[in-house]
Amino acid sequence: MSNGKESLSPSEMDPKDLPDVPAFQDELTRDYLESTESVREGYYTLVSATNTFTLDFPEDMVVDETSMAGNEGNSESLIFYYDDNDADVMDQFIINYYSSIPNIEYSRDLMNRRAGEELDFKKVPSENENQHLEIAEMDSDDSTSYIAAIVRNEKKQEIQVFTSIICREDIENNQCDSLKEEEKEKVSDVLKSIQFNNDKGK
Amino acid sequence: MAKGILDYELMAMRLTNKEYENMTADKLKSTIQQIYLEETGSLLDADIKIFHSSDTEDSLINQTGYNGTAIYIDDGNQEEMYVISQGTTNGPDWSFNAKGPLAGESIDQPQATDLFVEQAKNKLGVDEDAKVISWGHSLGHHNNAEAYLGYGTFDEVYGMNGAQVNAYQLFDMNIDFQKAVIEKFKVRNDADLRQRVSADELEVFTKEFFKDESKNIHQIISSDDPLNGLTPFVPGMVELGQIEVVDTNPDVSGIKELAKDIPPEVIKDVQDLALIYAKADNAGGTKEVAKQLFGVNMDYLKDVNSFGSFLSWYTFNQGEFDETVKALNKSVPPLLDKVRVVLDNKDLIFGRLQETGYISLKEKDTMIEELELIESHLSTIEDGLNANSSLSGVQFLQDISTVAFGGSLVWIKSSLTSSIECMKESGFFESLNKIVASHSIPELLAAMSKGNKSYFGTDMVYTATNGDPIKVNISAALRMYRETLPILEEKETKIRNFEKAVKEELDDSYKDEKRKVQDEIDRMESSPGSYRDLLAKHGHLPAFNKEMKTIKVHEVFYPLENNDFDEEIHELKKSVESGKLYIEKYRKAIEDLFDEEDNVSRLFDFSRRF
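Residues numbered from 1 in each chain as written. Chains lettered and ligands numbered in written order. Predicted model: local features only at pLDDT ≥ 70, side-chain atom pairs only at ≥ 80, totals over all residues.

An unreviewed UniProt entry annotates chain B as DUF6792 domain-containing protein originating from Terribacillus saccharophilus.

See below:
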């Protein structure tokens, strides 16, 4: 932070001075964003309400109003999606944070039960040290795909994610398939960017 | 409901209510045994293991506020685990229920429920195939039913006056359901669902989607339960399962009738007001209410009793005055808004309460009268506050509204308490307690009498079949019969110990001492020579030439006196015998009130076998 102006958090700034993208123009979402400096093009750092993890947040998404921190910051639900309801493809992330889950087998089982199918989780190399990431792609139909993920660290902190990727109704199947593939990449990037905030919070 | 080991509705209700007592594992075990005996007339021959949520090492479960008990039962034929999830019990709490978790926001506790079940299965060594059945009252049912529908935590759910599940929450929890909703309504995210699909349509679809699961959800609901009355007002709230509705308070026409046509936002304001009052009242009675309601430090107003003293306080204690005005500025307008909403709908609210039998005409009149009085004083204060903010000190003093402001402030200090006392004395709040009581399990149980069996609290009451219809609390009788025997046995042991102590400490030590003396005598008599120095006083060396030839002791041992406790011990033993006799007589007296086919005698016999 080089000058006084930049040290203001986005929620303290005049909306006119903020980037003209949904993430900053939406009042609730703005509260989650750390700064107006992007981490990579089109992405800004989101700090969870419990201050326990961060992720790269797409500028054209907004946080749902039902997102909330649980009692004493030991859990959190965070939901976000594209602000544009008419987007060709709609992604919705449903993220659940838990301060302590005894073992990952339980989490896989819970995710299977929520999904209503046996998920085939595959370990994905994580750039973040001491963090484990595994991702499963669910059976999908023509217009809808789902991606499930578990992020976990040695302190047994855990994040479970279900992401839906849904084409607009009028989009042809072929086009939808390629659009979904593109989105899967983006979703996967966001999932990989999830990082536990070990220095702060609980 | 497929028959499980504890699969009896009344057993579930009684144990779920008992679980609130957070008893020890042993006490809960015997409670399960006794309730099983009372409900079925036979002994529960099974291995029982208990695990309470406070025993988990997992911080997450307890920090969400989740409280529950897992009961593992194996009767040799089948293994089952019952999970009792605690709800919230007291008055203001059910209102919080409606606002917080039920508004479709937090899924903390359903998550904790699933995690607890997982841990209980591990700790108690529950077989994968064992059936897991949940019981829950109030919020406990909400947690159980959401965990069941969202995560598949249970095989069966049994709810009593339960808070219902929320379709918006289930949309985020159960991905299968989410897919179906997306497919059906062509929505693509949470906001889309809330905005484009009416809550009614979603509720109907939710019922349809969970049709099969609903067969495993059983609920018993009082038609007078206030929480149940709120269900229609919470968007997305769905009543699922096989539902048995019971009229637990026939004197009133039921909560749905009461709330009919009253706009939800008015109900919310009434609730808020009741909550504010309840909180303030809890904090320390009527006197505290004013302080709590207005956030004003009442000590400042100690000497403010008239307009004159108000002016002098205002002039000389500007700091206190400013602080008071600030507090009033914050507290009065929102409070006043709610009071006004209630008064605007006074005929509807109080009229309906009276028509449906909850309150009397006098209570209604007093409430309206006092609320109008409060409203007028609060309005004056609000006017004064508005004037104060735009006027400087001197102007404020000269302003006409100041006189009224001071007057109303004095009224708040001195008369608000009596106004609230008036409302209290009218009996209004007690009458409203009837509404809250209808949320309880005991009121449900009380409505479940069958034949000569009925309930008092969670106890079973038998009505005598021989002679006068005397009511006997059979649970209490069995408890007494069961618990007295060990007490009497303990007493017997103590008496035996006492007898032993008397013998050891007195008789034996007397004999011991006597023997020691006798030994010494024997020694002296058998070797008198070694006692020569006893003759020392009869002469001095070197001329000393006396010898000890013989010693003869003429001993007399007096018997030990005051050592006879036989009488006391006999009395003590008699008291045990008469205790036993009394208990048996008591048992006999109760048995005589009933016909043989009531099997009361068997209950007593069995009650001593666990």
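Caption draft 1: Fine view of the overall build of chain B. Scanning chain B from N- to C-terminus turns up 27 helices and 12 strands. Its C-alpha radius of gyration of 38 Å places chain B more than 25% over the 25 Å reference for a compact globule of 610 residues. A principal-axis box enclosing the C-alpha atoms of chain B has dimensions of 130 × 75 × 55 Å. For chain B, the residues scored as buried account for 36% of the 610 residues in total. Residue pairs at least 24 apart in sequence account for 70% of intrachain contacts in chain B once pairs closer than 6 positions are excluded. (Helix = DSSP H or I, 4+ residues; strand = E, 2+ residues; numbered from the N terminus. Rg over C-alpha atoms; globule rule 2.2 N^0.38 Å. Buried ≥ 20, exposed ≤ 12 C-beta atoms within 10 Å, placed from the backbone. Contact = placed C-beta atoms within 7 Å.)

Caption draft 2: The arrangement of the pairing of strand E7 (residues 89–98) of chain A in detail. All names here are of chain A. Buried residues dominate E7, accounting for 10 of its 10 residues. Residue alternation in E7 divides its side chains into two sets, Val89, Asp91, Phe93, Ile95 and Tyr97 and Met90, Gln92, Ile94, Asn96 and Tyr98, and both sets are buried. Pairing geometry for strand E6 (residues 75–82) and E7, over seven bridges, is antiparallel. What sits directly across from Ser77, in E7, is Asn96. Between E6 and E7, which pair antiparallel one after the other, the connecting turn spans six residues. In this structure, E7 lies alongside strand E11 (residues 158–167), joined through 10 bridges in antiparallel fashion. Note that in E11 the partner of Phe93 across the bridge is Thr163. (Pairing = 2+ DSSP bridges.)

Caption draft 3: How the structure looks around the interface of chain A and chain B. With 30 residues of chain A at the interface, the matching set in chain B holds 30 residues. Looking at the side of chain A that touches chain B, the elements with two or more residues in it are E6, E7, helix H3 (104–115), strand E10 (144–153) and E11 of chain A. Ranked by the residues each element gives to the side of chain A that touches chain B, the list is headed by H3(A), at five residues. For the side of chain A that touches chain B, a count of residues per class yields 13 nonpolar, 12 polar and five charged. (Nonpolar A, V, L, I, M, F, W, Y, C, P; charged D, E, K, R; others polar.)

Caption draft 4: Representation of the sheet that holds strand E10 (residues 453–456) of chain B. Residues and elements named next belong to chain B. Spatial strand order, E10-E11-E12: three strands in an open sheet with antiparallel pairing. In this open sheet, the two edge strands, each paired with only one partner strand, are E10 and strand E12 (471–473). Averaged over all neighbouring strand pairs, the angle between strand axes comes to 35 degrees, with direction disregarded. Bridge count for E10 against strand E11 (residues 459–463) is four bridges, and the pairing is antiparallel. For Phe456, the partnering residue across the bridge sits in E11 and is Asp459. (Axes fitted to C-alpha atoms, helices over the stretch in contact; angles between N-to-C directions.)

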